[in-house]
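# Geometric and topological summary
Residues per chain are reported as follows:
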Amino acid sequence: GREVFAQEIRDVFGRRGSIQDITLRISELFSDTLITTNYDRLLEQVFDTGGASGVQVINGVTAMALPDQNKVTVIKIHGDFSDPAHCILGKAQYDAAYGEAALDLHRPIPKMLARYYSSNNLLFIGCSLRNDRTLQVFQATRAAAGDFSFPQHFAFEQAPGQIDVLVARNSELTRLGITAIWYPKGQHEKVEALLSHSKSELNYMKT
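Residues numbered from 1 in each chain as written. Predicted model: local features only at pLDDT ≥ 70, side-chain atom pairs only at ≥ 80, totals over all residues. Heavy atoms only, no water.

Ordered in space as E4-E5-E6, the three strands form an open sheet in which the pairing is parallel. Lying at the two open borders of the sheet, with one neighbouring strand each, are strand E4 (123-124) and strand E6 (178-183). Both E4 and strand E5 (residues 153-158) contribute to a ladder of two bridges, which runs parallel. Pairing of leucine 123 across the sheet is with phenylalanine 154, part of E5. (Pairing = 2+ DSSP bridges. Helix = DSSP H or I, 4+ residues; strand = E, 2+ residues; numbered from the N terminus.)

Our focus in this paragraph is the side chain of asparagine 59. One can find asparagine 59 in strand E2 (residues 55-59). One polar contact links the side chain of asparagine 59 to the main-chain amide nitrogen of valine 61, over a distance of 3.0 Å. With residues near it in sequence (within four places) discarded, asparagine 59 still touches Lys76, Gly79, Asp80, Asp83 and His86. (Polar contact = N/O pair within 3.5 Å; in protein donor to acceptor, adjacent residues only side chain to side chain. Contact = heavy atoms within 4.5 Å.)

If you check the backbone angles, leucine 129 has positive phi at about 50° while not being a glycine. Considering the arrangement of structural elements, one finds leucine 129 in the loop between E4 and helix H6 (133-145). Look at leucine 129 and you get buried, because its relative accessible area is 2%. (Buried < 20%, exposed > 50% of the residue type's maximum accessible area, 1.4 Å probe, protein only.)

Looking now at the pairing of strand E3 (residues 72-76). Most of E3 is tucked away: five of the five residues are buried. Because side chains alternate across E3, one face comprises the buried residues Val72, Val74 and Lys76, and the other comprises Thr73 and Ile75, equally buried. Taken together, the four bridges between strand E1 (residues 33-36) and E3 define a ladder with parallel strand orientation. Bridge pairing in E3 links isoleucine 35 to isoleucine 75.

Evaluated as defined, the whole model comprises 11 salt bridges. In this structure, the salt-bridge partner of lysine 199 is glutamate 28, at a minimum N-O distance of 3.4 Å. Taken together, the positions of lysine 199 in helix H8 (residues 190-206) and glutamate 28 in helix H2 (residues 21-29) put the pair 171 residues apart, joining distant regions of the chain. For lysine 199, a relative accessible area of 32% corresponds to the partly exposed category. Overall, the relative accessible area of 38% leaves glutamate 28 in the partly exposed class. Through salt bridges with shared partners, a single network forms among Arg25, Glu28, Glu192 and Lys199. (Salt bridge = Lys/Arg side-chain N within 4 Å of Asp/Glu carboxyl O.)

Further remarks concern the packing of helix H4 (residues 91-98) against H6. It is the contact of H4 with H6, at a shortest axis distance of 12 Å, that shows an interaxial angle of 20°. Comparing the axis directions of H4 and H6 gives the class roughly parallel. Where H4 crosses over H6, the two elements pack in a sense that is right-handed. The residues of H6 that touch H4, namely those facing Tyr94, Asp95 and Tyr98, are Arg133, Thr134 and Val137. Considering only residue class, the contact of H4 with H6 consists of three nonpolar, one polar and two charged. (Axes fitted to C-alpha atoms, helices over the stretch in contact; angles between N-to-C directions. Parallel < 35°, antiparallel > 145°, perpendicular 65-115°, else oblique. Left-handed = near helix turned anticlockwise from the far one by under 90°. Nonpolar A, V, L, I, M, F, W, Y, C, P; charged D, E, K, R; others polar.)

Okay, structure coming up:
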């Protein structure tokens, strides 16, 4: 039943997880806003220093609060485990959030995604960026904007085995203003190394 399912979600995603090195690297790089489709608390945990909470969690399904400038903001666009009734899990919930017959950019989640895509440099980590609802928002936002100059975005991408597939994928992302940062196929541990290298580059730029 519905209540049992909701409790299962709270039990599974509410467990205090093991923070991996890659999550630590993310926290070192980003101290402003993180957008996630995950329901768990790993991102909150890594920023939790034990004092007064320095983290603001926004449930993208139920709230459109503006980020607190004095806190790290974690936006959970598909909901939070603490409120399973408002987690986006099935097709009906995706349709309600993004539009039934067609994508509706005026609904809260697409509107928020379009705003960040249009005004911030984004780094995509662990995102498929294939034919999903998020990608459809970016495509529609770009198509509606005409000659608007969008910020440059980046994505860590697993390199395909064939060069022609890589070229096609690179072109696909470039049309969306996303620069792919490739790592060898199957070597997902390289993502942490890329984050560490990015941190070093940013430190160098600051000096």
